[in-house]
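Spelled out, the chains give:
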Amino acid sequence: DAGITQSPRHKVTETGTPVTLRCHQTENHRYMYWYRQDPGHGLRLIHYSYGVKDTDKGEVSDGYSVSRSKTEDFLLTLESATSSQTSVYFCAISEPGTPQETQYFGPGTRLLVL
Amino acid sequence: QKEVEQDPGPLSVPEGAIVSLNCTYSNSAFQYFMWYRQYSRKGPELLMYTYSSGNKEDGRFTAQVDKSSKYISLFIRDSQPSDSATYLCAMSLDTNAGKSTFGDGTTLTVKP
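Quick caveat: nothing in here was measured; it's all calculated off a predicted structure.

Undergrad: It is not clear to me how the side chain of Arg-36 of chain A should be interpreted in this structure. Could you clarify?
TA: All names here are of chain A. Summarising the element assignment, Arg-36 is placed in strand β4 (residues 31-38). Its relative accessible area of 9% is what places Arg-36 among the buried residues. Within the structure, Arg-36 has its side chain in polar contact with the side chain of Asp-38 (distance 2.8 Å). In this structure the side chain of Arg-36 is engaged in a polar contact, spanning 2.8 Å, whose partner is the backbone oxygen of Ser-84. Setting aside residues no more than four positions away along its own chain, Arg-36 makes contact with Gly-42, Leu-43, Arg-44, Ile-46, Val-60, Tyr-64, Ser-84, Gln-85, Thr-86, Ser-87, Val-88 and Tyr-89.

Undergrad: What's the story with the nonpolar core in this structure? I'm lost.
TA: Core analysis: the biggest nonpolar cluster contains 24 residues, and Trp-35, Ile-72, Leu-74, Tyr-87 and Met-91 of chain B have the highest contact counts within it. Among the elements of the structure, β3 (19-25), β4 (32-38), β5 (45-51), β7 (61-66), β8 (71-76), β9 (85-92) and β11 (106-111) of chain B are those that each provide at least two residues to this core. With sequence-adjacent residues up to four places away left out, Met-91 of chain B is seen in contact with Val-4, Tyr-25, Phe-30, Tyr-32, Phe-33, Met-34, Ile-72, Lys-99, Ser-100 and Thr-101 of chain B. Grouped together as the second largest cluster of nonpolar side chains are 19 residues, Ile-4, Trp-34, Val-60 and Phe-74 of chain A included.

Undergrad: Even after reading the chapter, I still don't get the sheet that holds strand β8 (residues 73-78) of chain A, so can you show me in this structure?
TA: Adjacent strands of a sheet pair through backbone hydrogen bonds, lying either parallel or antiparallel. Residues and elements named next belong to chain A. Across the sheet, which stays open at both edges, the 4 strands sit in the order β1-β3-β8-β7 with antiparallel pairing between neighbours. A strand with exactly one partner marks an edge of an open sheet, and here the two such strands are β1 (4-7) and β7 (64-70). Adjacent strand axes in the sheet meet at a mean angle of 20 degrees when their direction is disregarded. Examined bridge by bridge, strand β3 (residues 19-25) and β8 share 6 bridges and lie antiparallel to one another. Note that in β8 the partner of His-24 across the bridge is Asp-73.

Undergrad: Hey, could you run me through the interface of chain A and chain B in this one?
TA: Accessible area lost during the coming together of the parts is what is often quoted as the interface size. Between chain A and chain B, the contact holds 21 residues from the first and 19 residues from the second. For the pair chain A and chain B, the summed buried surface comes to about 1600 Å²; carbon and sulfur atoms form 49% of the total. Run the count over chain A and chain B and you get 0 salt bridges. Between the two partners, chain A and chain B, sit 2 residue pairs in polar contact (both at pLDDT 80 or more). Elements that contribute at least two residues to the side of chain A that touches chain B include exactly β4 and β5 (42-51) of chain A. Per-element tally for the side of chain A that touches chain B: the top contributor is β5 of chain A, with 5 residues.

Undergrad: Just to check I follow, could you spell out empty space enclosed by the protein for this structure?
TA: A probe matching the size of a water molecule, rolled over the atoms, marks out where space remains unfilled. All names here are of chain B. Enumeration according to the criterion identifies 2 cavities of 30 Å³ or more in this entry. Computed from the structure, the second largest cavity encloses a volume of approximately 30 Å³. In terms of lining residues, the second largest cavity is bounded by Phe-33, Met-34, Trp-35, Thr-50, Ala-63, Gln-64, Val-65, Ile-72 and Ser-73. For the lining of the second largest cavity, the secondary-structure elements that each account for two or more residues are β4, β7 and β8. Residues that form the lining of the second largest cavity fall into these classes: 6 nonpolar, 3 polar and no charged.

Undergrad: What am I meant to see in the sheet that holds β3 of chain B here?
TA: Residues and elements named next belong to chain B. The strand order across the open sheet formed by 5 strands is β1-β3-β8-β7-β6, and the pairing between neighbours is antiparallel. Sheet topology places β1 (4-6) and β6 (54-58) at the edges, where each strand pairs with a single neighbour. Strand-to-strand twist across the sheet, computed as the mean angle between neighbouring axes with direction ignored, equals 15 degrees. Sheet topology places β3 next to β8; 6 bridges connect them, and they run antiparallel.

About the thresholds
- Residues numbered from 1 in each chain as written.
- Chains lettered and ligands numbered in written order.
- Predicted model: local features only at pLDDT ≥ 70, side-chain atom pairs only at ≥ 80, totals over all residues.
- Heavy atoms only, no water.
- Helix = DSSP H or I, 4+ residues; strand = E, 2+ residues; numbered from the N terminus.
- Buried < 20%, exposed > 50% of the residue type's maximum accessible area, 1.4 Å probe, protein only.
- Polar contact = N/O pair within 3.5 Å; in protein donor to acceptor, adjacent residues only side chain to side chain.
- Contact = heavy atoms within 4.5 Å.
- Core = buried A, V, L, I, M, F, W, Y, C linked by side-chain atoms within 4.5 Å.
- Pairing = 2+ DSSP bridges.
- Axes fitted to C-alpha atoms, helices over the stretch in contact; angles between N-to-C directions.
- Buried area = accessible area lost by both parts, 1.4 Å probe.
- Salt bridge = Lys/Arg side-chain N within 4 Å of Asp/Glu carboxyl O.
- 1 Å grid on protein atoms, 1.4 Å probe; cavity = no way out; pocket = protein on both sides within 12 Å on 5 of 7 lines; lining within 4 Å.
- Points joined across faces, edges and corners; volume = space filled by probe spheres on them.
- Nonpolar A, V, L, I, M, F, W, Y, C, P; charged D, E, K, R; others polar.

In structure tokens:
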């Protein structure tokens, strides 16, 4: 998984609880992304980052916030988890200017909100 | 209507078969077309990348783009059990990978 780790890999939480997912990369890629994957919806972009402290919203950003204080770490926070946020969350990285600007995905985090 | 449509399958074929996976799209401005392979409980990995119309071949895999029909295909020749996975198409307006729109994926099983 191209030097990308996600933690935790599995999490069960209750509605209304804050949750933070972590993505860590060792590739020194500038761009980082958070996606969610749900049956019937494919991969949808939540937030992305083009550099340290430089983040922006994706297609489905409501209810999520992100932070990036270091190149290697990108955190996704669910401020108050809801059952609709039960999903598999993938982090991805890419480096601008490289051929195809290939995205490399992490192994995913399975989140269940009860 | 979704911007990218992909038949979810599942698709089951015998080993050695030729597999055809397809996506249609509605945005004629898409220029970059990708196919990802995703094994169960793993992240997607880029398989093929094509710019604009035409064919691209890589080993047993061939990607075709027909922009006039807004239709892309991935062909797998001599399919192997190790090809069993979900295949996602994706497309974007520019080289910014984060701006890609993904299909829902087609699940393929290749039986020995």
